[in-house]
Amino acid sequence: MSARTSPVIAFAVAAAGIAIYSVMDTLMKRLSIDSGAYSAVLWRSWVGVAIMTTIFLARRGRWPGRHALTLHIARGATGGISVVLFFWGLARVPMAQSVALTFLSPLMALFLAALTLGERIRRAAILGSLIAGGGVLVIAAGEVQAQASTQVVLGSLAIILASVLYAVSLVLLRRQAQAAGPVEVALFTMLVIAVLMTPAAPFVAAWPAMAQWPSIAVAAALGSISALLLAWAYARAEAQVLAPVEYTAFVWAACLGYAVFGEHVSLFTLVGAALIIAGCVVAVRRPGPGPQSEAGL
C-alpha cells in the first residue's frame, strides 16, 4: 500500500499535520511564557502519552520489537531535547522568526537522508530546497533588523540548535515509520520524551495552575493528531519529498503570531514566505523516469 500512495497525497497529509502542529505551537508558546518551556513540554508529553495509550490499547497494539524500540528511544531522546530548546526560544522570539529558523532542519535532513537512508537526491528536491532556503535568508535579514535584544539572540541560538537536532529527528522518523505503525510511533516517541524529562521535574518543573490544564490537554491532543499524520506520511514518501512541507509552518506562524500575540509581519517576511511556498511546490513535483531508492518503496 505504501508503494501505491501518491507523493502528493503524502505531502498533503504531512501539510495538514504541520498546520495542526502550528496551532499547538501557539498554545505551547503561551504555556512556555507562563510556566517555562520545560514544564510545558513535560506535562504536554504525559497528557499526550495518556491519549495515545488509550488509542494504542483500543487497537490492541503490542510492545515493539527490539529494532523498533531502539528507534523510538533514539528519536524520543533527540526530539525531546529539540522540543525543549525550541519552546524555550519560542517564548523569547516572534513565532514567524522562530519558524523561519527551524527551516534549517529540512535542508539538513535532505542530505542526512542521502547519507543514512540511501535516498537519491533528485534535482527537483534540491532546487526546491534552495529556493525555500533563499526565502529563509530573506526573512532572517528582515527579522535581524527588527529584533536585536539579548533575549532574542539567545532564543534564536536555542532554536538553531533545536533545528539541528530536529533534522536528525526527521531522518529517524523516516526509519521509525517504516518499522512501526503511526500510533506506535506517536505513543513511544512521546513516552520516551516524558520518561527522560521526569527525573528532573522536582528541580526545574512547576505544577500547572488549574486554568492551564485545558490548554495542556488541547496541546497534547493536537500534538498527537499531528504526530499520527506525519508518521503516516513519512511511511509512504521519501524524507526529501516531505521535508520541505515544514516550510508551510511559516504561513501559519505568521498568521497565528499576529492574531494571538500581536506580532507583525514585515515585507521581508512576506517575500520570504512566497519563496518558501514556491520551493515547496518545486520540491513535491513528481519525479521523472529513473531508478528510485529502496527507502522510497
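Structure shown above.
Calculation rules
- Residue numbers run consecutively from 1 along every chain, following the written order of its sequence.
- Restriction of local features to residues with pLDDT of at least 70 applies here, the model being predicted, together with a cutoff of 80 or more for giving and counting side-chain atom pairs; totals for whole chains, interfaces and linings are based on all residues.
- For the side-chain quantities, the full set of heavy atoms in the structure was used; hydrogens and water were omitted.
- Only runs of H or I of at least four residues qualify as helices and only runs of E of at least two qualify as strands under DSSP, and these elements are numbered from the N terminus.
- Here the term buried applies to any residue with accessible area under 20% of the maximum for its type, exposed to any over 50%, and partly exposed to those in between, with areas from a 1.4 Å probe on protein chains only.
- It only takes one pair of heavy atoms within 4.5 Å for two residues to be counted as in contact.
- For the accessible areas, the method is Shrake-Rupley and the probe is 1.4 Å, while residue cover comes only from the protein chains on display.
- Note on ring pairs: Phe, Tyr and Trp rings are taken, using the six-membered ring of Trp, and paired if centres are within 6.5 Å. Classes follow the plane angle, with under 30 degrees stacked, over 60 edge-to-face and the rest tilted.
- Ring-over charges, as used throughout, are those where CZ of Arg or NZ of Lys falls within 6 Å of the ring centre and within 35 degrees of the ring normal.
- Here, expected helix span is obtained from the residue count minus one, scaled by 1.5 Å.
- Here, a salt bridge means any Lys or Arg side-chain nitrogen found within 4 Å of an Asp or Glu carboxyl oxygen.
- Note on geometry: axes are lines fitted to C-alpha atoms, helical ones only across the stretch in contact, with angles between N-to-C directions running from 0 to 180 degrees.
- Here the angle decides the label: under 35 degrees means roughly parallel, over 145 means roughly antiparallel, 65 to 115 means roughly perpendicular, and every other value means oblique.
- Handedness of each helix crossing follows the sense of rotation of the near helix against the far helix: counterclockwise by less than a right angle gives left-handed, clockwise gives right-handed.
- Gly falls in the polar group here, along with every residue not listed as nonpolar (Ala, Val, Leu, Ile, Met, Phe, Trp, Tyr, Cys, Pro) or charged (Asp, Glu, Lys, Arg).
- Contacts described as polar in this section are N or O atom pairs within 3.5 Å, which, within protein, must combine one atom able to donate a hydrogen with one able to accept it, while residues neighboring in sequence count only if both atoms come from side chains.
- Exposure above 30% relative accessible area and no salt bridge define the residues that can form patches, which grow by joining like charges within 9 Å and nonpolar side chains of Val, Leu, Ile, Met, Phe, Trp and Tyr within 5 Å.

Caption draft 1: Layout of the overall build of the protein chain. A tally of regular secondary structure across the protein chain gives 13 helices and zero strands. Going from N to C terminus, the protein chain has its helices and strands arranged as α-α-α-α-α-α-α-α-α-α-α-α-α. Burial status across the protein chain gives 51% buried among its 297 residues. Across the protein chain, contacts joining residues at least 24 apart in sequence account for 91% of those joining residues at least 6 apart. When the accessible surface of the protein chain is summed, it comes to about 13400 Å², and 71% of that surface belongs to carbon and sulfur atoms.

Caption draft 2: Expanded view of the packing of aromatic side chains. Within this structure, the stated rule accounts for six aromatic pairs. Both rings, one in Phe56 and one in Phe188, keep their centres 5.9 Å apart while their planes meet at 80°; by these two values the pair is edge-to-face. In this pair, Phe56 sits in helix α2 (residues 37–58) while Phe188 sits in helix α8 (residues 182–197), placing the two residues 132 residues apart along the sequence. Phe188 shares its class with Phe56; the two are buried. Three or more aromatic residues joined by ring pairs form one cluster here, namely Trp43, Trp207 and Trp213. Geometry around Phe261 places Lys29 over its ring, the cationic atom sitting 5.0 Å from the centre. Positioned over the ring face of Trp88 is Arg92, at 3.8 Å from the centre of the ring.

Caption draft 3: Region of interest: α8. In this model, α8 (16 residues) spans 23 Å end to end at C-alpha, consistent with the 22 Å of a helix rising 1.5 Å per residue. What α8 keeps buried is the set Val183, Glu184, Val185, Ala186, Leu187, Phe188, Thr189, Met190, Val192, Ile193, Ala194 and Met197. Check the buried side of α8 and you find it contacts α2, α3 (66–90), α7 (150–179), α9 (201–204) and α10 (213–234).

Caption draft 4: Geometry of the pattern of salt bridges. The tally for this structure, following the rule as stated, stands at two salt bridges. A salt bridge links Lys29 to Glu263; the nearest nitrogen and oxygen atoms lie 2.6 Å apart. Here Lys29, found in helix α1 (residues 7–35), pairs with Glu263, found in the loop between α12 (249–261) and α13 (267–283); they are 234 residues apart in sequence, far enough to count as distant. A salt bridge links Arg30 to Asp34; its shortest N-O distance comes to 3.6 Å. Of this pair, Arg30 and Asp34 both sit in helix α1, four residues apart, which is roughly one turn of the helix.

Caption draft 5: Layout of the packing of α2 against α3. At a minimum axis separation of 8 Å, α2 and α3 run at an interaxial angle of 130°. Classed by the angle they form, the pair α2 and α3 counts as oblique. The crossing of α2 and α3 is right-handed. Between α2 and α3, the residues in contact are Ala37, Val41 and Arg44 and Val83, Val84, Phe87 and Trp88, respectively. Of the residues belonging to the contact of α2 with α3, the class tally is six nonpolar, no polar and one charged.

Caption draft 6: The arrangement of unusual backbone geometry in detail. A positive phi angle, close to 55°, is found at Arg60, a residue other than glycine. Inspection of the secondary structure puts Arg60 in the loop between α2 and α3.

Caption draft 7: Quick peek at the side chain of Thr102. Residue placement: Thr102 occurs in helix α4 (residues 95–102). At a separation of 2.5 Å, a polar atom in the side chain of Thr102 contacts the main-chain carbonyl oxygen of Val99.

Caption draft 8: Structural context of the environment of Val241. Here Val241 lies in helix α11 (residues 239–242). Separated by 117 residues in the primary sequence, Val241 and Ala124 have C-alpha atoms spaced 9.3 Å apart.

Caption draft 9: Region of the structure containing the environment of Ala125. Residue position: Ala125 is located in helix α6 (residues 123–146). On a C-alpha basis, the gap between Ala125 and Pro244 in space is 8.4 Å, while along the polypeptide they are 119 residues apart.

Caption draft 10: Molecular detail of a nonpolar patch on the surface. A contiguous nonpolar surface patch, about 640 Å² in accessible area, is contributed by Trp88, Leu104, Val153, Leu154, Leu157, Ile160, Leu161 and Val164. Topologically, Val164 is positioned in helix α7.

Caption draft 11: Structural view of the packing of α4 against α12. Where α4 contacts α12, the axes come no closer than 8 Å and their chain directions differ by 160°. Considering their axes alone, α4 and α12 lie roughly antiparallel with respect to each other. As for how α4 packs across α12, the hand of that crossing is right-handed. The residues of α12 that touch α4, namely those facing Met95, Ala96 and Val99, are Ala249, Phe250, Ala253, Ala254, Leu256, Gly257 and Phe261. Here the residues of the contact of α4 with α12 sort into nine nonpolar, one polar and no charged.

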